[in-house]
Amino acid sequence: MPLNKIIEKYIGKILVFGMNGFLFLFAITAIFPPIWMFYNSLKENQEFSHNIVALPTRVTLENYQTIFGSSLVFRALFNSLFNSVISTIAIIGLSFVIAYFLARYKFPGRNLLYAFFLFGLLVPLYGLLVPVFIQFNEMGMINNRFTLLLPYTAFGLSQAIFLIEGYIHSIPTELEEAAYIDGATFPQMLINIILPICTPVIATAAILSFLAIWNEFGFALVLLTGEEYKTIPLWLNTFQGERTVSYTTLMAALTIASIPVVSVYLLFREKIIQGFIDGALKG
């Protein structure tokens, strides 16, 4: 075999090995933090202070007993689930309809409207924190069950519309024409034809919206003044005192807080991956 062929053969193997090694190390950096967080939640504070990396020498559930011994965790979980689920449903419903009309119809002001929604991706949301607080305070909407639904839905529309509108562009219009010929009404065509095709990108937009709302802290901190409607991020902030932090209890709380997000991702993982793949191929 010629020398150049041998060099090409081994260089190719080295490159493949190096790329796989890099991806393996990257995967470890992504997987290790939640594993580290979980096994440290099974330690006592003294053992954690002694060695933050080592596995627990004695597994204890005292941190979880402390958390579940209070009703605060259940109230925070309910509040976060309520805000995340309702806001995500509203975001997906509104963005799907808006994205369809932006993708399929040419009307006066269409480009301006689309640019308006895209502009929402560029605006730093926390720059609007003070104006939103002043407006909500004037309307008497501070600190109630539905306070966070409006800003969460409004600020989540831009990203969802951007994703879904681009996906609908790739769907042949012949499918809709065939549905009309068969006697389908517009709502029937939209729900029975377009919606199932858009399931992957809708799942992607939904998980991104759910994750962003679940982790949101700033608006919840400013717009919720009482204890009754505190969300998970605000509840986690209670584990930090003025001078001390119960790290192992905080690790247990973070583990509990991450379970709904991980569960949602595992439930929709195939659709999410398919949405990214389809978006890459059609893009």
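Above this text you will find the structure in question.
Residues numbered from 1 in each chain as written. Predicted model: local features only at pLDDT ≥ 70, side-chain atom pairs only at ≥ 80, totals over all residues. Heavy atoms only, no water.

## Things to note about the overall build of the protein
Definition in use: Strands are runs of DSSP state E lasting at least two residues, helices are runs of H or I lasting at least four, and both sets are numbered from the N terminus onward. In this scheme, a residue with accessible area under 20% of its type's maximum is buried, one over 50% is exposed, and one in between is partly exposed, where area comes from a 1.4 Å probe on protein chains only.
Helix and strand content of the protein: 13 helices and zero strands. The order of helices and strands in the protein, counted from the N terminus, is α-α-α-α-α-α-α-α-α-α-α-α-α. Overall size of the protein, expressed as C-alpha extent along the three principal axes, is 80 × 70 × 35 Å. Burial status across the protein gives 36% buried among its 283 residues.

## A look at the nonpolar core
Soluble, globular proteins show a tendency: their nonpolar side chains are buried together. Threshold: We define a nonpolar core as any set of buried Ala, Val, Leu, Ile, Met, Phe, Trp, Tyr and Cys residues linked to one another through side-chain atoms lying within 4.5 Å. Whether two residues are in contact is decided by their heavy atoms: any pair within 4.5 Å suffices.
Residues Phe96, Ile168, Ile194 and Cys198 are the most contacted members of the largest nonpolar core, which totals 37 residues. At the level of elements, α4 (72-104), α5 (110-119), α6 (129-139), α7 (149-169), α9 (186-197), α10 (199-215) and α11 (218-223) are the ones that each hand at least two residues to this core. Setting aside chain neighbours within four positions, we find Ile168 in contact with Phe96, Ala99, Tyr100, Ala103, Arg104 and Cys198.

## Remarks on the packing of α5 against α7
Let me state the cut-off plainly: Each axis is a line fitted through C-alpha atoms, taken for helices only over the stretch in contact, and angles between the N-to-C directions span 0 to 180 degrees. The scheme is simple: roughly parallel for angles under 35 degrees, roughly antiparallel for over 145, roughly perpendicular for 65 to 115, oblique for anything else. Under this grouping Gly is polar, as are all residues other than the nonpolar Ala, Val, Leu, Ile, Met, Phe, Trp, Tyr, Cys and Pro and the charged Asp, Glu, Lys and Arg.
One can describe the packing of α5 onto α7 by two numbers: an axis separation of 8 Å at closest approach and a directional angle of 130°. Taken together, α5 and α7 sit at an angle that is classed as oblique. Every residue of α7 that contacts α5 at Arg110, Tyr114, Phe117 and Leu118 is listed here: Ser158, Ile161, Phe162, Glu165 and His169. When grouped by side-chain class, the residues that make up the contact of α5 with α7 number five nonpolar, two polar and two charged.

## Some points on α7
To be explicit about the condition: One fewer than the residue count of a helix, multiplied by 1.5 Å, yields its expected span. We define the bend at any residue as the angle between the axes fitted to the seven residues before and including it, ending there, and the seven starting there.
Relative to the 30 Å expected for 21 residues at 1.5 Å per residue, α7 spans 29 Å between its end C-alpha atoms, a close match to the ideal helical length. At Leu157, α7 is deflected by roughly 35°, the largest bend along its length.

## Section: unusual backbone geometry
One non-glycine residue, Asn143, adopts positive backbone phi at about 60°. Structurally, the position occupied by Asn143 is in the loop between α6 and α7. Exposure remark for Asn143: the relative accessible area of 23% places this residue in the partly exposed category.

## What to know about the pattern of salt bridges
Where charged atoms from two side chains of opposite charge approach closely, those side chains can pair. Using the following cut-off: Put simply, a salt bridge is a Lys or Arg side-chain nitrogen that is within 4 Å of an Asp or Glu carboxyl oxygen.
For the structure on display, the rule yields four salt bridges. One salt bridge in this structure joins Glu44 and Arg58, with 2.2 Å as the shortest N-O distance. Placement of the pair is Glu44 in the loop between α1 (3-40) and α2 (45-50) and Arg58 in the loop between α2 and α3 (62-68), with a sequence separation of 14 residues. A relative accessible area of 30% means that Glu44 is categorised as partly exposed.

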